[in-house]
Amino acid sequence: MILHEHCGIIGIISLKEHNIVPMLIAGLESLQHRGQESWGIAIPNCFTIKKAGTIFQSLEEFKAINNLVGNTGIGHVRYSTTASSTLRNAHPLNIGEPTDIHSFRIAHNGTLERELLIESLWKEGYSPPDGVTDSELMGIGLYKNLKKTKNWVEAFSALNPSLNGSFSTVTLTARGELIGARDERGFRPLCLGYHEETESYILASESCALNTLDAHLIRDVEAGEVLEISKNGLSSGRFSFQERHAYCPFEYTYFAHPSSCIETVSVYGARKNFGRILAEKYPLNGDIVVPVPDSARPAALGYSERSGISFEEGLMKDRYKKKGSWRSFIEPSKREDLVSNITAIKETIEGKKVILIDDSIVRGISSRIIVGKKLKGTKEVSLLLTFPPIRYPCYAGIDFPTQRELLTYRVCKDTKNLDEINMKIAKHIGVYFLGYNDIEGLSKGIGKPDCELCLSCITGDYSCLRRKPTSKTRKEIKS
Ligand code: SF4
């Protein structure tokens, strides 16, 4: 399955005045898989830097960036799920009057319902201009609360009833403090680490950024927690406490880097578990197990290990076809190009019964191309998916916001029986057999009870949100 990712965030503060700018860029680069549309950084006493494309694509400008010095900073890589892809909408966002001590710069990963934030700002007598993004609306709300309360936990607490959706944020204050916060359900990840050499605290979307920087993971930022870090050290406060969490299982199956650890669970380990679980659920008669690169590779290894059927690299991804991007780049007008950088190894697949492992099917376009074109010459293809059927839109930060574009909804409508869904989707994709994972297998693979996970796109139960946002077309969402 190929989708745009959402966003990645990082914040670093050195307690001993070390220059952290090179670390900020290196850490951000390791989060590039979470967004390739734009990137940006903010450090004290310097205007916010924003660039289009990937960090690699801005290499020429790095010399200028390398001259920057700062001992605190935040960074962001972006893919827009709700607003148009312009540099204005790129993060970090500047919030408040720059001369105001309460002003700040903020980077956000997630999606919030704009209407609820606009309603709350109206009540305060403020009418935001048209086209303001969810992130900016949250920033404005926080700024107004901060001016009143002078306290970050209270600012989040007062705005929280209007924060419907997902957010993990890093903020650089005018005083040079670093603030990290995570929504009350914990949809999107955020972790805290420490780098000994520069005596720096690091907040990052994923622990793969800490690995890159040779920093160690301390813990995940908790759902509903605000961390305030200054030269004087770190303090933690809670703006909300919810027993029911909603960690996004998509992070484990597809989005997150396999070297990351989220909520004490290894992403690689979870993916391998999904493969083992699929081998028990669907003990197929095949010659080889082949992953759709790259995210399904650990699951294919797990399937192979449990079934005894040999693992083969039947499909390879050309990493250099899209410069700087390690994943496919969707341009809606060029859907046929979705898998153009995947090539089959003919010698491996020809005449074979292939058990193909992928993470999920959203629109089904890439699966059809892979099966119909790339795997031509095989004897038969069976497709197994580590994520259950996606029938409902995501309002918490993943790029499948409309129901009509979801293949399972279009093809299966009200069919609830998994065997029937498997058969209908198999026919549509053109495979001999198709088998989805179920919620039990998803939860078992991650090692968390299903009550800890967001399952809205599978079940249609949006009770982890304050209210179900109104469905919109893609055009409306991006306007
Ligand atoms: S709706 Fe699906 S993709 Fe969105 S946060 Fe929930 S589990 Fe993740």
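None of the values given here were measured: they were computed from a predicted structure.

So what exactly am I meant to see when it comes to the site of the ligand here?
Lining the immediate surroundings of the ligand are Arg 188, Cys 248, Pro 249, Cys 394, Ala 396, Ile 398, Phe 400, Cys 454, Ser 456 and Cys 457. For the ligand, the cavity whose grid points lie within 2 Å of the majority of its atoms is the largest cavity.

Is there a simple way to think about the pairing of strand E1 (residues 7–14) in this case?
The side chains of a regular strand alternate between both faces of the sheet. Within E1, eight of the eight residues are buried, which leaves the element mostly enclosed by the surrounding structure. Where E1 meets strand E4 (residues 72–78), seven bridges bridge the pair, whose relative direction is antiparallel. Looking across to E4, one finds that Gly 8 is bridged to Val 77.

How should I be thinking about the nonpolar core in this particular structure?
Nonpolar side chains in soluble globular proteins tend to be buried together. If you look at the biggest cluster of nonpolar residues, it comprises 34 residues, and the most contacted ones within it are Phe 250, Tyr 252, Ile 390 and Phe 400. With four residues, helix H7 (residues 249–255) is the largest single contributor of residues to this core. Of all hydrophobic cores here, the second largest spans 27 residues; its members include Ala 344, Cys 412, Ile 421 and Ile 425.

It is not clear to me how the pairing of strand E6 (residues 104–109) should be interpreted in this structure. Could you clarify?
Taken across its six residues, E6 has six buried, putting it largely inside the fold. Alternating positions in E6 separate into two faces, Phe 104, Ile 106 and His 108 on one and Arg 105, Ala 107 and Asn 109 on the other, with burial throughout. Both strand E5 (residues 93–95) and E6 contribute to a ladder of three bridges, which runs antiparallel. Within the sheet, the bridge partner assigned to Asn 94 lies in E6 and is Arg 105. Note that E6 and strand E7 (residues 168–173) share six bridges and pair antiparallel.

When you look at empty space enclosed by the protein in this model, what are you seeing that I'm missing?
Think of a ball as big as a water molecule: rolled over the atoms, this probe shows where empty space is left. Scanning the entire structure with this criterion turns up five cavities of 30 Å³ or more. Each pocket or cavity is described by its volume, and for the largest cavity that value is around 140 Å³. Together, 17 residues line the largest cavity, and Cys 394, Ala 396, Cys 454, Ser 456 and Cys 457 are the ones closest to its centre. Secondary structure elements with two or more residues in the lining of the largest cavity: H7 and helix H15 (456–459).

Hey, could you run me through the environment of Gly 193 in this one?
Looking at where Gly 193 falls in the secondary structure, it is placed in strand E9 (residues 191–195). Using a relative accessible area of 0% as the deciding quantity, one classes Gly 193 as buried. In the structure, Gly 193 is positioned 23 residues away from His 216 in sequence and 5.3 Å away in space, judged by C-alpha atoms. When near neighbours in sequence (up to four residues on either side) are disregarded, Gly 193 contacts Ser 200, Tyr 201, Ile 202, Leu 210, His 216, Leu 217 and Ile 218.

Looking at this model, I keep getting lost on helix H3 (residues 114–123). Mind explaining?
Turn by turn, an α-helix covers 3.6 residues, leaving residues three or four places apart pointing in a common direction. Inspection of H3 places Leu 116, Leu 117, Ile 118, Ser 120 and Leu 121 among the buried residues, and these make up the whole buried set. Where H3 is buried, its residues contact helix H4 (134–149) and helix H5 (152–159).

Explain the packing of aromatic side chains to me, please; I cannot follow it from the model alone.
Between two aromatic rings, the relevant description is the distance of the centres plus the angle of the planes. Applying the stated rule across the entire model yields 13 aromatic pairs. On the numbers, 6.4 Å between centres and 70 degrees between planes, the contact of Phe 104 with Tyr 143 is edge-to-face. Separated by 39 residues along the polypeptide, Phe 104 in strand E6 and Tyr 143 in helix H4 bring together distant segments of the chain. Of the residues examined, Tyr 143 reaches a relative accessible area of 12% and is grouped as buried. Plain terms: the ring middles of Trp 152 and Phe 156 are 6.2 Å apart, the flat faces sit at 35 degrees to each other, and that makes the pair tilted. Placement of both Trp 152 and Phe 156 in helix H5 is noted, with a separation of four residues, approximately one turn of the helix.

Parameters at a glance
- Residues numbered from 1 in each chain as written.
- Predicted model: local features only at pLDDT ≥ 70, side-chain atom pairs only at ≥ 80, totals over all residues.
- Heavy atoms only, no water.
- Near = heavy atom within 4 Å.
- 1 Å grid on protein atoms, 1.4 Å probe; cavity = no way out; pocket = protein on both sides within 12 Å on 5 of 7 lines; lining within 4 Å.
- Sits in = over half its atoms within 2 Å of the grid points.
- Buried < 20%, exposed > 50% of the residue type's maximum accessible area, 1.4 Å probe, protein only.
- Helix = DSSP H or I, 4+ residues; strand = E, 2+ residues; numbered from the N terminus.
- Pairing = 2+ DSSP bridges.
- Core = buried A, V, L, I, M, F, W, Y, C linked by side-chain atoms within 4.5 Å.
- Points joined across faces, edges and corners; volume = space filled by probe spheres on them.
- Contact = heavy atoms within 4.5 Å.
- Phe/Tyr/Trp six-rings, centres within 6.5 Å; stacked < 30°, edge-to-face > 60°.

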